[in-house]
Amino acid sequence: MSELPGWVHVYSGKVRDLYVPVGASGLHDADSVLVVASDRVSAFDHVLEPGIPAKGELLTTLSLWWFDQLDDVPNHLIPDHTLVGDTVVERIPAAVAGRSMLVKPLDMFPVECVVRGYLTGSGWAEYRASQSVCGIPLPAGLQNGDRLPEPLYTPAWKAPLGQHDENISFERTVELVGADVAEELRRLSLHVYERGSAIAEARGIIIADTKFEFGADRTTGEITLADEVLTSDSSRYWDAAVYASAPTPEERMASFDKQIVRDWLAANWDKTGTPPALPADIVERTAARYRELLERLTGA
Ligand code: ATP
Ligand code: MG
């Protein structure tokens, strides 16, 4: 983690490090937060070794691009520069420029807002066992990777550090945040997913599922899109051309996200103790897929 002049480190998640301006004692009394994305990669709730080169920068670029596309939803970004006379003063330290966002601290809701447009991952596992996803009944006969009849909102409870997030019912989110907020989180999540999916699909990319986090603005209470948005860490991204032509359901899901890492780990680790180090070719393939996703979506 970097020592950043003018900033104090207050928190590290699995992937990102949070800083507040010198003088603030924590997130609660800061006027701004510097969110620095590292190259760390996590899977099955473990941070793995080694990191993926340039991942922090690629994911920050992608998030910023999406926030810009999703301009009808309030988000947590604040200007990353100030004007002193005629001089533009960058607020993001040069040492972490490119991999950082400047955001306003929000009162985060303890709900991970998951939207699934396709059946896969834990949703597919539950479907095979009970023909439902997060308790929502589905038609019979669906295959791994099939498009769902309509996108499903399947929230999870955001567990404190070190604990597993837990799938919860919509009714449970009402208990956690109240009916009005719960309904707004569902509406906004489905809206952002549908808008993002349409934009991605026009570029030959499928967003199979994704996770959003929202918080309340501390002054106005406005529900605000926070965290990272539609990145390849928070979403499953598939290649639409492969999806349309692959010979088997499994082969449809050629992904631009960290599925390569998940698959390698599932095949080479029994999920006890420390995960093994990722081999160089898995790291390089993952880095290449992250780069390709950014190029295909943004044209950059
Ligand atoms: P955890 O959230 O449990 O720390 P994580 O591994 O997902 O796990 P990271 O994504 O690495 O964590 O860290 C980002 C953290 O910053 C998250 O806890 C997220 O909820 C928080 N966060 C994102 N945006 C804001 C915001 N605007 N105000 C306050 N906290 C935020
Ligand atoms: Mg996170």
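Along each chain, the written sequence defines residue order, and numbers are assigned to residues from 1. Working convention: letters from A go to chains and numbers from 1 go to ligands, in the order in which they are written. Residues qualify for local features only when their pLDDT is at least 70, as the model is predicted, and side-chain atom pairs are given and counted only at 80 or more; totals for whole chains, interfaces and linings, by contrast, use all residues. Excluding hydrogens and water, the side-chain values take into account all heavy atoms of the structure.

**With respect to the packing of aromatic side chains**
Phase 1: Between the rings of Phe, Tyr and Trp (Trp by its six-membered ring), a pair exists once the centres lie within 6.5 Å; its type follows the angle of the planes, with under 30 degrees stacked, over 60 edge-to-face, and the other angles tilted. All chains considered together, the criterion is met by six aromatic pairs.
Phase 2: Ring geometry for Tyr118 and Tyr243: centres 5.6 Å apart, planes at 85 degrees, overall edge-to-face. Of the two residues, Tyr118 is situated in strand S10 (residues 111-118) and Tyr243 in helix H5 (residues 240-245); the sequence distance between them amounts to 125 residues.
Phase 3: Each residue is assigned to one of three classes by its accessible area relative to the maximum for its type, calculated with a 1.4 Å probe on protein chains only: buried under 20%, partly exposed between the two thresholds, exposed over 50%. Since its relative accessible area comes to 16%, Tyr243 is described here as buried.
Phase 4: Ring geometry for Trp124 against Tyr127: centres 6.0 Å apart, planes inclined by 20 degrees, an arrangement best described as stacked. Of this pair, Trp124 and Tyr127 both sit in helix H2 (residues 121-130), three residues apart, which is roughly one turn of that helix. As far as the burial class goes, Trp124 and Tyr127 line up, both buried.
Phase 5: Chaining the aromatic ring pairs together yields one cluster made of Tyr118, Trp238 and Tyr243.
Phase 6: Its guanidinium or amino end placed over the ring of Phe170, Arg186 lies 3.8 Å from that ring's centre, counting from NZ or CZ. Working definition: helices are DSSP H or I runs of at least four residues, strands are E runs of at least two. Numbering for both runs from the N terminus. Either the NZ atom of lysine or the CZ atom of arginine qualifies as a charge over a ring when it sits within 6 Å of the ring centre and within 35 degrees of the ring normal.

**Describing unusual backbone geometry**
The general pattern is negative phi for most residues beyond glycine and trans for most peptide bonds.
Phase 1: The amide bond that connects Glu49 to the next residue, Pro50, takes the cis arrangement and shows omega of -10 degrees.
Phase 2: Its place among the elements puts Pro50 in the loop between strand S5 (46-48) and helix H1 (55-69).
Phase 3: Notably, Asp45 is not glycine yet its phi reads approximately 70 degrees, a positive angle.
Phase 4: Tracing the backbone through its elements, the reader meets Asp45 in the loop between strand S4 (41-43) and S5.

**Things to note about the domain arrangement of the protein chain**
Phase 1: For the purposes of this description, domain bounds are those given by an automatic or database domain assignment. Under the domain assignment, the protein chain is made up of domain 1 (7-104) and domain 2 (108-268 + 286-293).
Phase 2: The straight-line distance from the C-alpha centre of domain 1 to that of domain 2 is 22 Å.
Phase 3: A combined buried area of about 2,800 Å² lies between domain 1 and domain 2, and 66% of that area is made up of carbon and sulfur atoms.
Phase 4: Should a side-chain nitrogen of Lys or Arg be within 4 Å of a carboxyl oxygen of Asp or Glu, the pair is scored as a salt bridge. Here domain 1 and domain 2 share six salt bridges between them.
Phase 5: We note a salt bridge from Arg16 to Glu228, for which the minimum N-O separation is 3.8 Å.
Phase 6: N or O atoms closer than or at 3.5 Å make up a polar contact, with two conditions inside protein: a donor-capable atom paired with an acceptor-capable one, and, for residues adjacent in sequence, both atoms drawn from side chains. Counting the contacts that link domain 1 with domain 2 gives 16 residue pairs in polar contact (both at pLDDT 80 or more).
Phase 7: Where the side of domain 1 that touches domain 2 is concerned, the elements lending two or more residues are S4 and H1.
Phase 8: If you tally residues by element for the side of domain 1 that touches domain 2, the top one is H1, at nine residues.
Phase 9: When residues are sorted by character, Ala, Val, Leu, Ile, Met, Phe, Trp, Tyr, Cys and Pro go into the nonpolar class, Asp, Glu, Lys and Arg into the charged class, and all the rest, Gly among them, into the polar class. Per-class residue counts for the side of domain 1 that touches domain 2 are 20 nonpolar, six polar and six charged. Throughout, the accessible surface (probe 1.4 Å) given up by two parts as they are put together, summed over both, is called the buried area.

**Examining a nonpolar patch on the surface**
Phase 1: The patch calculation keeps residues exceeding 30% relative accessible area without a salt bridge and links them within 9 Å when they carry like charges or within 5 Å when they are nonpolar (Val, Leu, Ile, Met, Phe, Trp, Tyr). The accessible surface values rely on the Shrake-Rupley method and a 1.4 Å probe; as for residues, cover is taken only from the protein chains in view. Nonpolar side chains collect at one region of the surface, where Val8, Val10, Tyr11, Val22 and Leu27 lie side by side and expose about 370 Å² of accessible area between them.
Phase 2: As for its placement among the helices and strands, Leu27 is situated in the loop between strand S2 (16-21) and strand S3 (33-37).

**Some thoughts on the sheet that holds strand S17 (residues 214-216)**
Phase 1: Two strands qualify as a pair provided that DSSP identifies no fewer than 2 bridges between them. Taken in spatial order, the three strands line up as S9-S17-S18 in an open sheet, and their pairing is antiparallel. What marks the edges here is a single partner per strand, and that holds for strand S9 (107-108) and strand S18 (223-225).
Phase 2: Any two residues whose heavy atoms approach within 4.5 Å are treated as being in contact. Under this scheme, a helix contributes an axis fitted over its contacting stretch, all axes are lines through C-alpha atoms, and angles between N-to-C directions fall in the 0 to 180 degree range. Along the sheet face, helix H4 (residues 179-201) touches S17 and S18 and points at about 30 degrees away from the line of S18.

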